[in-house]
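# Examination of the molecular architecture
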Amino acid sequence: MQKHILIVEDEPAIRDMVAFALRKADMEPAHAADARSAQSMIAERVPDLILLDWMLPGMSGLDLARRLRRDDLTRAIPIIMLTARGEETDRVGGLDAGVDDYVVKPFSPRELIARINAVIRRSRGSDTEGSIAIGPLKIDSAAHRVYAGDQSVSIGPTEYRLLHFFMTHPERVYARSQLLDYVWGGSVYVEERTVDVHIRRLRQTLEPYACDGLLQTVRGAGYRFSATPAA
Ligand code: CA
């Protein structure tokens with residue numbers, strides 16, 4: 001099945017270049033020039049992924065991303081943000097909005113297609129299959145269960161959410177503030193220290209199964225979940 005990709009971009013040159021690259025990669029592009037028309041297009045047909053320009057006339061790409069994440073129907077649509085170079089410093093703001101990845105303009109069509117494929121692969125692992133395996137660990141989101149090999153792992157609710165987030169977003173480093181947003185929903189009443197507490201508990205949960213090493217501390221940056229041992 002061809003992937004249906006919605007491009008939300010007001011600059012015709014970029015829009016056309018992206019649409020061309022998508023078609024060449026056997027994907028099916030559609031485009032909207034602003035957030036409002038994007039919303040009505042999404043309501044008609046849910047795309048497999050949205051390429052979302054940061055700076056749009058009217059509602060910004062970031063605000064649209066936030067809205068999509070709040071709505072049950074659109075929450076799971078993968079979003080890749082297209083940003084201009086000067087907007088890079090606002091990346092954290094984009095991560096807060098639940099954006100899956102970034103591509104900074106100017107980008108090559110090849111880079112863009114690679115990112116799209118990676119994001120779709122990742123989101124499919126978490127949604128359609130319902131179960132994800134990394135190393136000996138397996139999480140079954142439908143049953144809300146965790147397994148290490150064939151042993152069932154007893155895990156607390158917050159540790160489960162944390163593990164689920166990490167297993168659906170492996171190989172990337174997340175700062176405490178980002179984990180707070182993603183796992184705790186950005187509650188202002190939760191301190192960053194809380195993240196460390198639950199990371200510690202999650203490691204203790206995984207330790208008897210020799211899986212605690214999957215959850216790596218990246219000094220000065222945050223945490224990463226990876227099947228590849230930390231250097
Ligand atoms: Ca723009």
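As shown above, the structure is provided for reference.
Description of the structure in this document. (Residues numbered from 1 in each chain as written. Predicted model: local features only at pLDDT ≥ 70, side-chain atom pairs only at ≥ 80, totals over all residues. Heavy atoms only, no water.)

## A few points about the packing of aromatic side chains
One pass over the full model with this rule turns up three aromatic pairs. For the pair Phe165 and Tyr174, a centre-to-centre distance of 4.9 Å together with 70 degrees between the ring planes defines the contact as edge-to-face. We classify Phe165 as buried; its relative accessible area is 8%. Pairwise contacts between aromatic rings join Phe165, Phe166, Tyr174 and Phe225 into one cluster. (Phe/Tyr/Trp six-rings, centres within 6.5 Å; stacked < 30°, edge-to-face > 60°. Buried < 20%, exposed > 50% of the residue type's maximum accessible area, 1.4 Å probe, protein only.)

## Description of the coordination of the calcium ion
Reference values for coordination geometry: four tetrahedral donors around a metal ideally subtend 109.5 degrees, six octahedral donors ideally subtend 90 or 180 degrees. Bound to the calcium ion on the protein side are Asp10 (OD), Glu11 (OE), Asp53 (OD) and Met55 (O), at distances that span 2.1 to 3.2 Å. Read in sequence order, the donor residues for the calcium ion give the motif D-E-x41-D-x1-M. Residue Asp10 is located in the loop between strand 1 (4-8) and helix 1 (12-24), and its partner Asp53 is located in strand 3 (residues 49-53); the two are separated by 43 residues in the primary sequence. By relative accessible area, Asp53 is classed as buried at 2%. (Donors = N, O, S within 2.8 Å, 3.2 Å for Na, K, Ca; no water. Helix = DSSP H or I, 4+ residues; strand = E, 2+ residues; numbered from the N terminus.)

## Some points on the pattern of salt bridges
Overall, the coordinates contain ten salt bridges when judged by the stated rule. Measuring nitrogen to oxygen at the nearest pair gives 2.7 Å for the salt bridge that ties Asp196 to Arg176. Remark: Arg176 occurs in helix 7 (residues 176-184) and Asp196 occurs in helix 8 (residues 192-206); sequence separation between them is 20 residues. Overall, Asp196 belongs to the partly exposed group, its relative accessible area being 21%. What makes Arg176 partly exposed here is its relative accessible area of 30%. What you see here is one network of salt bridges that share partners, running through Glu9, Glu11, Asp53 and Lys105. (Salt bridge = Lys/Arg side-chain N within 4 Å of Asp/Glu carboxyl O.)

## Concerning the packing of helix 6 (residues 157-168) against helix 8
Following both chains from N to C, one finds helix 6 and helix 8 inclined at 85 degrees, their axes separated by 9 Å at the closest point. The angle between the axes of helix 6 and helix 8 places the two elements in the roughly perpendicular class. Each of Thr158, Glu159, Leu162, Leu163 and Phe166 in helix 6 lies in contact with helix 8, whose residues at this interface are His198, Ile199, Arg201, Leu202 and Leu206. (Axes fitted to C-alpha atoms, helices over the stretch in contact; angles between N-to-C directions. Parallel < 35°, antiparallel > 145°, perpendicular 65-115°, else oblique. Contact = heavy atoms within 4.5 Å.)

## Thoughts on the pairing of strand 1
Within strand 1, five of the five residues are buried, which leaves it mostly tucked inside the rest of the structure. Here strand 1 shows no split at all, with His4, Leu6 and Val8 on one side and Ile5 and Ile7 on the other all buried. Two strands pair when backbone bridges link them, and strand 1 and strand 2 (residues 28-32) are joined in this way by five bridges, in the parallel orientation. Bridged to Ile5 within strand 2 is Pro29. With helix 1 bridging strand 1 and the parallel strand 2, this β-α-β connection has right-handed handedness. Two strands pair when backbone bridges link them, and strand 1 and strand 3 are joined in this way by four bridges, in the parallel orientation. Its bridge partner being in strand 3, Val8 is matched across the sheet by Leu52. (Pairing = 2+ DSSP bridges. Right-handed = clockwise from strand over helix to strand, strands pointing away.)

## Overview of the packing of helix 6 against helix 7
When two helices pack together, their arrangement is given by the angle between the helix axes and the distance between those axes. One can describe the packing of helix 6 onto helix 7 by two numbers: an axis separation of 10 Å at closest approach and a directional angle of 110 degrees. When the axis of helix 6 is compared with that of helix 7, the two are roughly perpendicular. Here Thr158, Arg161, Leu162, Phe165 and Phe166 of helix 6 lie close against helix 7, whose contacting residues are Leu179, Tyr182, Val183 and Trp184. Classifying every residue of the contact of helix 6 with helix 7 gives seven nonpolar, one polar and one charged. (Nonpolar A, V, L, I, M, F, W, Y, C, P; charged D, E, K, R; others polar.)

## Notes on the nonpolar core
Buried together is how nonpolar side chains tend to be arranged in soluble globular proteins. Counting 28 residues, the largest nonpolar core has Leu137, Leu163, Phe166, Leu179, Ile199 and Phe225 as the members making the most contacts within it. A per-element tally of this core places helix 6 first, with six residues. Residues contacting Phe166, with those up to four places away along its chain left out, are Leu179, Ile199, Leu215, Tyr223, Arg224 and Phe225. Formed by 20 residues, the second largest nonpolar core is a distinct cluster that contains Ala35, Ala38, Ala65 and Tyr102. (Core = buried A, V, L, I, M, F, W, Y, C linked by side-chain atoms within 4.5 Å.)

Everything listed here is a matter of coordinates, which is why it stays silent on function.
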